[in-house]
Amino acid sequence: MSDILLSAHDLTVRFGGVLAVNQVSFEVRQGEVFTLIGPNGAGKTTVFNLISRIYTPTSGFLNYAGQRLSDMPAHAVAAAGIARTFQNIELFEHASVLHNLLIGRHVHNRTGFWQQMLFTPSVRRAEIATRRKVEEIIDFLDLQKYRDTMVAGLPYGIRKVVELARALCTEPTLLLLDEPSSG
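Predicted model, so just to flag it, every value in this text is computed and none were measured.

Thresholds, definitions, all that
- Residues numbered from 1 in each chain as written.
- Predicted model: local features only at pLDDT ≥ 70, side-chain atom pairs only at ≥ 80, totals over all residues.
- Heavy atoms only, no water.
- Helix = DSSP H or I, 4+ residues; strand = E, 2+ residues; numbered from the N terminus.
- Buried < 20%, exposed > 50% of the residue type's maximum accessible area, 1.4 Å probe, protein only.
- Contact = heavy atoms within 4.5 Å.
- Areas by Shrake-Rupley, 256 points an atom, 1.4 Å probe, with all protein chains shown as cover.
- Lys, Arg positive; Asp, Glu negative; His and termini not counted.
- Charge placed at Lys NZ, Arg CZ, Asp CG, Glu CD.
- Patch = residues over 30% accessible without salt bridge, like charges linked within 9 Å, V, L, I, M, F, W, Y side chains within 5 Å.
- Salt bridge = Lys/Arg side-chain N within 4 Å of Asp/Glu carboxyl O.
- Polar contact = N/O pair within 3.5 Å; in protein donor to acceptor, adjacent residues only side chain to side chain.
- Core = buried A, V, L, I, M, F, W, Y, C linked by side-chain atoms within 4.5 Å.

S.K.: Is there a simple way to explain the overall build of the protein chain in this structure?
M.R.: Looking only at helices and strands, the protein chain features six helices and six strands. What you see in the protein chain, going N to C, is helices and strands ordered as β-β-α-β-β-α-β-α-α-α-α-β. Considering only C-alpha atoms, the protein chain reaches an extent of 50 × 35 × 30 Å along its principal axes. Looking at the 183 residues of the protein chain, the share that counts as buried comes to 37%. For the protein chain, the share of sequence-separated contacts (at least 6 apart) that also reach a separation of at least 24 residues comes to 64%. Of the accessible surface of the protein chain, which amounts to about 10,600 Å², a share of 55% is contributed by carbon and sulfur atoms. Here the protein chain contributes 18 positive and 17 negative side-chain charges, whose respective centroids are spaced 5 Å apart.

This is how it looks when you write it as structure tokens:
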């Protein structure tokens, strides 16, 4: 089995007449820290948006954990094990830190609509496990004092940590950090 987790093959993206990414290829191995470096406007976020399936490549393709990521629908990316933070923070501002992190756990929900409505024992067990995992991440990133605070009232740097925490709540095998040191 290959230790290559993510590979990009000749990725190209055009937005009309603008060439945003031109034949980019790379491989990321399991356990590796891999960095995309370049000036503003070089296409780093565009590559992240390709991996997240926000954009579709004009040409080229991506493989992730042996699957053709380029063919995967956007809603399946997190469930496949890819999480990300954004250059411009994308949180639910009128929800608490705790609720933002609980949303990050949605990919692990295995109970059905009626089970949820009836709050069956399996739903209760899943809710307890979800809350336990979220509390572990709150402790890990030292967010205890912010857990019940609305995101809108937090400073930028703390919001960046909350966004990282939400990404970690998905238990990813690949974590994409877009502008992680800003804030």
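S.K.: What is the right way to look at a nonpolar patch on the surface in this model?
M.R.: Judged by side-chain polarity, Phe-113, Trp-114, Met-117 and Leu-118 come together as a nonpolar surface patch covering roughly 550 Å² of accessible area. Its location among the elements puts Trp-114 in helix 4 (residues 113–118). Overall, the relative accessible area of 62% leaves Trp-114 in the exposed class.

S.K.: Explanation requested: the environment of Val-134 in the structure shown.
M.R.: With respect to the secondary-structure elements, Val-134 resides in helix 5 (residues 121–140). If we skip the residues at most four places from it in the chain, Val-134 touches Leu-98, Leu-101, Leu-102, Arg-105 and Cys-169.

S.K.: Where do I start with the environment of Arg-124 in this structure?
M.R.: Examined against the element boundaries, Arg-124 turns out to sit in helix 5. Spatially, the C-alpha atoms of Arg-124 and Ser-7 are 39 Å apart, while their sequence positions differ by 117 residues. Within polar-contact distance, the side chain of Arg-124 engages the backbone oxygen of Phe-119 at 2.4 Å.

S.K.: Hey, could you run me through the pattern of salt bridges in this one?
M.R.: If charged atoms from side chains of opposite charge come close, those side chains can pair. In the structure shown here, the tally under the stated rule is ten salt bridges. We note a salt bridge from Arg-29 to Asp-3, for which the minimum N-O separation is 3.6 Å. Of this pair, Arg-29 sits in strand 2 (residues 18–29) while Asp-3 sits in the segment before strand 1 (4–15), placing them 26 residues apart in sequence. For Arg-166, the salt bridge goes to Glu-163, with nearest N and O atoms at 3.9 Å.

S.K.: For this particular structure, what's the right way to read the nonpolar core?
M.R.: As a rule of thumb, nonpolar side chains are buried together in soluble globular proteins. Counting 20 residues, the largest nonpolar core has Leu-6, Ile-51, Leu-62, Leu-69 and Ile-82 as its most contacted members. Elements with a minimum of two residues in this core: strand 1, strand 2, helix 1 (44–51), strand 3 (59–64) and strand 6 (174–176). With residues near it in sequence (within four places) discarded, Ile-51 still touches Leu-6, Phe-26, Leu-62, Leu-69, Val-77, Ile-82 and Leu-176. If you look at the next biggest cluster of nonpolar residues, it comprises 17 residues, including Val-97, Leu-101, Leu-102 and Tyr-146.

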